[in-house]
Amino acid sequence: MVVRNGAHAPLIEGDEHGFSDHAEDDIFKESDITSPSAFIWALTFAAGISGLLFGYDTGVISSTLVSIGKDLGHPLTTLDKGLITSSTSLGALIASPVAGLLADMIGRKPIILIADVLFITGALSQAAITSVFGMVVGRSIVGFAVGGASLVVPLYISELSPSPFRGKLVTLSILFITAGQVVAYIIGYALSMQRNGWRWMVGLGAVPAVLQFGLMLVLPESPRWLVKDGRSPQARNVLRKVYAAGKDHAVEEVLHAIKTEIVEEEATNNNMSTSAMGNQPHTWLTRPRNRFAELFCVGGNRRALTIACLLQGLQQLCGFNSLMYFSATIFSLLDFDSPTLTSLSIAVTNFVCTLLALIIIDHVGRRRLLLLSIPVMVVGLIASSVSYEYLGHPSWVHGSASSTPGVAQSPWAVVILIAITIYVCGYAIGLGNIAWQQSELFPLSVRSLGCGLATATNWGSNFVVGLTFLPMMEYLTPVWTFAIYSLICIVGWVCCWAIYPETRGLGLEDVRDLLRDSYGVEESLRRAKLRDL
Ligand SMILES: O[C@H]1[C@H](O)[C@@H](O)[C@H](O)[C@@H](O)[C@H]1O
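Residues numbered from 1 in each chain as written. Predicted model: local features only at pLDDT ≥ 70, side-chain atom pairs only at ≥ 80, totals over all residues. Heavy atoms only, no water.

What follows concerns helix H13 (residues 320-333). For H13, built from 14 residues, the straight-helix expectation of 20 Å at 1.5 Å per residue is met to within 8% by its first-to-last C-alpha distance of 18 Å. Most pronounced at phenylalanine 326, the bend in H13 amounts to some 75°. Among the 14 residues in H13, 13 count as buried, and that is most of the element. Taken from the residues just after H13, aspartate 335 is the one with a positive phi, measuring 65°. (Helix = DSSP H or I, 4+ residues; strand = E, 2+ residues; numbered from the N terminus. Expected span 1.5 Å × (residues − 1). Bend = angle between axes of the 7 residues up to and from the residue. Buried < 20%, exposed > 50% of the residue type's maximum accessible area, 1.4 Å probe, protein only.)

Time to look at the site of the ligand. Within the structure, the ligand sits among 13 residues, and Gln181, Gln315, Asn321, Asn350 and Gly432 are positioned closest to it. A distance of 2.7 Å separates an oxygen atom of the ligand from a polar side-chain atom of glutamine 181. Between the ligand and tyrosine 427, the relevant distance is 3.4 Å, taken from an oxygen atom to a side-chain nitrogen or oxygen of the residue. In the complex, the protein chains occlude 99% of the 300 Å² of accessible area that the ligand would expose alone. Taking a 2 Å distance to the grid points as the criterion, the majority of the atoms of the ligand fall inside the largest cavity. Elements supplying a minimum of two residues to the shell around the ligand: helix H5 (166-191), helix H12 (299-317) and H13. Split by residue class, the shell around the ligand holds five nonpolar, eight polar and no charged. (Near = heavy atom within 4 Å. Polar contact = N/O pair within 3.5 Å; in protein donor to acceptor, adjacent residues only side chain to side chain. Areas by Shrake-Rupley, 256 points an atom, 1.4 Å probe, with all protein chains shown as cover. 1 Å grid on protein atoms, 1.4 Å probe; cavity = no way out; pocket = protein on both sides within 12 Å on 5 of 7 lines; lining within 4 Å. Sits in = over half its atoms within 2 Å of the grid points. Nonpolar A, V, L, I, M, F, W, Y, C, P; charged D, E, K, R; others polar.)

Moving on to empty space enclosed by the protein. For the structure on display, the rule yields six cavities of 30 Å³ or more. A volume near 190 Å³ is recorded for the largest cavity. Among the secondary structure elements, those contributing two or more residues to the lining of the largest cavity are helix H1 (38-67), H5, H12, H13, helix H14 (339-364), helix H16 (411-429), helix H17 (431-434) and helix H18 (444-499). Examining the composition of the lining of the largest cavity, we find that four residues originate from one element, H5, more than from any other. Taken as a whole, the second largest cavity holds about 90 Å³ of empty space. Forming the walls of the second largest cavity are Ser50, Gly51, Phe54, Ala149, Ser150, Val153, Pro154, Ser173, Ile174, Ile177 and Trp436. (Points joined across faces, edges and corners; volume = space filled by probe spheres on them.)

With that settled, consider H14. Its 26 residues give H14 an end-to-end C-alpha distance of 36 Å, which sits within 8% of 38 Å, the value for a rise of 1.5 Å per residue. By the largest-angle criterion, leucine 358 marks the main kink of H14, which is about 35°. Phi turns positive one or two residues past the end of H14, at glycine 365, with a value near 100°.

Applying the stated rule across the entire model yields nine salt bridges. Put simply, Asp104, Arg108, Glu159 and Arg291 are held in one network by salt bridges that share partners. (Salt bridge = Lys/Arg side-chain N within 4 Å of Asp/Glu carboxyl O.)

A few words now on the packing of aromatic side chains. In this structure the tally under the stated criterion is eleven aromatic pairs. Both rings, one in tryptophan 41 and one in phenylalanine 45, keep their centres 6.4 Å apart while their planes meet at 50°; by these two values the pair is tilted. With a gap of four residues between them, tryptophan 41 and phenylalanine 45 both fall in helix H1, about one helical turn apart. Classification of phenylalanine 45 as partly exposed rests on a relative accessible area of 45%. Judged by centre distance (5.4 Å) and plane angle (80°), the rings of phenylalanine 331 and phenylalanine 336 are edge-to-face. There is no split in this pair, since phenylalanine 331 and phenylalanine 336 are both buried. (Phe/Tyr/Trp six-rings, centres within 6.5 Å; stacked < 30°, edge-to-face > 60°.)

On to unusual backbone geometry, then. Note: most residues except glycine have negative phi, and most peptide bonds are trans. Phi at aspartate 335 takes a positive value of approximately 65°, unusual for a residue other than glycine. For threonine 477, which is not a glycine, the phi torsion comes out positive at approximately 80°. Of note, threonine 477 is situated in helix H18. Look at threonine 477 and you get partly exposed, because its relative accessible area is 33%.

Taken together, the side chains of Leu90, Ile94, Val98, Leu102, Met105, Ile106, Ile114 and Phe144 make up a nonpolar region of the molecular surface, amounting to roughly 610 Å² of accessible area. Ranked by residues supplied to the nonpolar patch, first place goes to helix H2 (residues 78-106) with six residues. Considering the arrangement of structural elements, one finds leucine 102 in helix H2. Relative accessible area serves as the criterion here: at 32%, leucine 102 is assigned to the partly exposed category. (Patch = residues over 30% accessible without salt bridge, like charges linked within 9 Å, V, L, I, M, F, W, Y side chains within 5 Å.)

The geometry of H1 relative to helix H7 (residues 206-218) is characterised by a closest axis approach of 9 Å and an angle of 160° between their N-to-C directions. It follows from the interaxial angle that H1 and H7 lie roughly antiparallel. Of the two elements, H1 crosses H7, and the hand of that crossing is left-handed. For the pair H1 and H7, contact is made by Ala46, Ala47, Ile49, Ser50 and Leu53 and by Pro208, Ala209, Leu211, Gln212 and Leu215, respectively. (Axes fitted to C-alpha atoms, helices over the stretch in contact; angles between N-to-C directions. Parallel < 35°, antiparallel > 145°, perpendicular 65-115°, else oblique. Left-handed = near helix turned anticlockwise from the far one by under 90°. Contact = heavy atoms within 4.5 Å.)

A separate point is the nonpolar core. Counting residues in hydrophobic clusters, the biggest one holds 136 residues, and the most contacted among them are Leu72, Ile84, Phe119, Leu334, Tyr388, Phe442 and Cys496. In terms of residue count, the dominant contributor to this core is H18 (17 residues). With residues up to four places along the chain from it excluded, the contact list for leucine 72 reads Ile84, Ile129, Thr130, Ser131, Val132, Met135 and Trp198. (Core = buried A, V, L, I, M, F, W, Y, C linked by side-chain atoms within 4.5 Å.)

As a packed pair, H13 and H14 sit with axes 7 Å apart at the nearest point and diverge in direction by 155°. Comparing their axes, H14 and H13 come out roughly antiparallel. Every pair of crossing elements has a handedness; the one defined by H13 and H14 is right-handed. Between H13 and H14, the residues in contact are Phe320, Met324, Ser327, Ala328, Phe331 and Ser332 and Pro339, Thr340, Thr342, Ser343, Ile346, Ala347 and Asn350, respectively. For the contact of H13 with H14, the per-class residue count stands at seven nonpolar, six polar and no charged.

Here you go:
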């Protein structure tokens, strides 16, 4: 039974289409679908614009910081740069768990629309401001938008896509992020020499948001959320569009599966809340409390949360986004002729390797890809650290970052570029992608909240890296900064090896089973071996 506005609406009984579990074999089923419909492609692209905005807004800051000059009243200090950069991550950190709760209460689609409004407001206000404080406020507004969108878009896409393509379509939305970063770097390069060019750089972020807002108005709500809200007929209409004409049986099959799962969830929730709160009625205020209890008190859910937070934390604490934010600064201090163009090569490498990951992830498997790619990152980081040691001149002197005019570029600067490129390849093939596969770890009842908390871990760690990178380079030296990131990767590798099971090819039910009593690493490897035979 689903409880809506205090009324009990029958969910499975009396299903007018009379779907039965014992479907006849000659009837078209969900698993028979061989390619996504035009509608689902259009929907993924429209929702993916959020990824583009996420990437654009986080990528564009690199060129912005080196182009602002004295336009905000004085040359930016290290503290100004750190605050401007980190305010976006802090905004996202606050927004993502809130969006996780709201997405359950008001639906997935309104969150994307609200994020668009914030993207537009943030972009336009940044373009107009004249002070560092104003810039920090504008970047925080964008941060709220990025936090909400980064949580809800993969969730929305995964709840709408047919299961055979779910992984691929979610990964496509991550590819949009890296594409947004490439676009940001190209626009940054094109506008960095123009007077007030940086205002255009940040302001242009409003354009895709306006486009997405218009598109989202005509796109549907997630059918899963609709069923949960007691609106099965609307959910059926959405699924009919997703599965295209003539696939009615597949539609009923999916609807039935959703309803069954919701009934099971409600039963679990009722048991938990009765023991936790007696017979108080369910309200929208008490439900989040139930969900927190379910997430933290059920062993399998807690383990799913631990893995998701580990991967999201590691994805950021390995230092990757210090490159996204400060690579132009790094390369200008290494005396590269065009720092923004050099940074572009980093963003393009990230994009191309994410594309490669898309192609191989389902063949190689998430765990194996992660365990093979993190050592590549370690090699790149150690090589960067050692190269800084051998660099002919101090490019990051205590107290202030400065380049050395008149000194010819050291060959070690090129070695650093190569080492950083190797690091980016390792990151994009593994950690950059795999952390966002988080939704498959959680059962549906706690998926939105679990993803919200894991996404907050991502942005919290992103905030720490954004704020500490420049001081670390100044006070600990680049040699130690890169060495510390490599140490974090090594510790992260050991944790992944110990607790991250192989989820390739497993249904969501199987993942839940796997995590029920332990992290299930051995069992998952045994099953993967059997599947490969
Ligand atoms: O998965 C994405 C992607 O790897 C981006 O390039 C990076 O900037 C983000 O922080 C990350 O979450």
